[in-house]
Amino acid sequence: MARITFVSFEGATRTVEAPVGATAMEAAVRNGVAGIDAECGGACACATCHVYVDEAWRDRVGEPGSMEEDMLDYAFDVRPSSRLSCQIKLSDGLDGLVLHMPARQG
Ligand code: FES
């Protein structure tokens, strides 16, 4: 299992656990974390699962792939730390990951 802490735009934190191999988006949706819409269900086709990776985790999470980067063009207030949470696959190395929510999706 991997723990992920989601930080809302207002600063509220919520820590959930998800199995290794699941995505950060799935962890949020399955646990009812507000702020991740995930309209396409994880197909990298909607950009409504946008998150900002905490600075301390950016190296370990890595950069978006080219398809994800194209889709991020449709996200709101994209920053260098932006990722689509459906493209972040959880691993033991990401146990403790911290993700911040944008002000809104899409
Ligand atoms: Fe649609 Fe991530 S859930 S792009």
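Our subject is the structure that appears above.
Residues numbered from 1 in each chain as written. Predicted model: local features only at pLDDT ≥ 70, side-chain atom pairs only at ≥ 80, totals over all residues. Heavy atoms only, no water.

Caption draft 1: Here's a closer look at the packing of aromatic side chains. In the structure shown here, the tally under the stated rule is zero aromatic pairs. The cationic tip of arginine 79 hangs over the ring face of tyrosine 52; the distance from NZ or CZ to the ring centre is 4.1 Å. Residue placement shows arginine 104 over the ring face of phenylalanine 76; its charged tip is 3.7 Å from the ring centre. (Phe/Tyr/Trp six-rings, centres within 6.5 Å; stacked < 30°, edge-to-face > 60°. Lys NZ or Arg CZ within 6 Å of the ring centre and 35° of its normal.)

Caption draft 2: Focus on empty space enclosed by the protein. Counted by the stated rule, this structure contains one cavity of 30 Å³ or more. There is about 50 Å³ of room inside the largest cavity. Every residue along the wall of the largest cavity is listed here: Val53, Arg58, Val61, Gly62, Glu63, Pro64, Pro80, Ser81, Ser82 and Arg83. Taken together, the elements giving at least two residues each to the lining of the largest cavity come down to α2 (58-61) and β4 (82-84). (1 Å grid on protein atoms, 1.4 Å probe; cavity = no way out; pocket = protein on both sides within 12 Å on 5 of 7 lines; lining within 4 Å. Points joined across faces, edges and corners; volume = space filled by probe spheres on them. Helix = DSSP H or I, 4+ residues; strand = E, 2+ residues; numbered from the N terminus.)

Caption draft 3: Up close: unusual backbone geometry. Positive phi values are uncommon outside glycine, yet cysteine 44 reaches one of about 60°. Relative to the assigned elements, cysteine 44 resides in the loop between α1 (24-30) and β3 (50-53). By relative accessible area, which is 5% here, cysteine 44 ends up buried. A positive phi angle, near 55°, is found at aspartate 77, a position not held by glycine. Within the secondary structure, aspartate 77 sits in the loop between α3 (66-72) and β4. (Buried < 20%, exposed > 50% of the residue type's maximum accessible area, 1.4 Å probe, protein only.)

Caption draft 4: Spatial organisation of the state of the cysteines. Here the structure, examined in full by the defined rule, presents zero disulfides. No disulfide involves cysteine 44; its nearest neighbouring cysteine sulfur is the one of cysteine 86, lying 5.3 Å away. (Disulfide = S-S within 2.5 Å.)

Caption draft 5: Structural view of the nonpolar core. Within the largest apolar cluster, 32 residues are counted, with the highest numbers of intra-cluster contacts made by Ile4, Phe6, Ile36, Ile88, Leu97 and Leu99. Every element with two or more residues in this core is listed here: β1 (2-7), β2 (13-18), α1, β3, α3 and β5 (97-100). What phenylalanine 6 contacts, discounting residues up to four positions off in sequence, is Ala12, Thr13, Arg14, Val16, Ala24, Ala28, Val33, Leu99 and Met101. (Core = buried A, V, L, I, M, F, W, Y, C linked by side-chain atoms within 4.5 Å. Contact = heavy atoms within 4.5 Å.)

Caption draft 6: Representation of the sheet that holds β3 within the structure. Taken in spatial order, the five strands make up an open sheet running β2-β1-β5-β3-β4, and their pairing is mixed. Edge positions in the sheet fall to β2 and β4, since each of these pairs with one other strand and no more. Taking each pair of neighbouring strands and ignoring which way they run, the sheet shows an average axis angle of 40°. Both β1 and β5 contribute to a ladder of four bridges, which runs parallel. Among the inter-strand pairings, valine 7 is bridged to a residue of β5, identified as histidine 100. (Pairing = 2+ DSSP bridges. Axes fitted to C-alpha atoms, helices over the stretch in contact; angles between N-to-C directions.)

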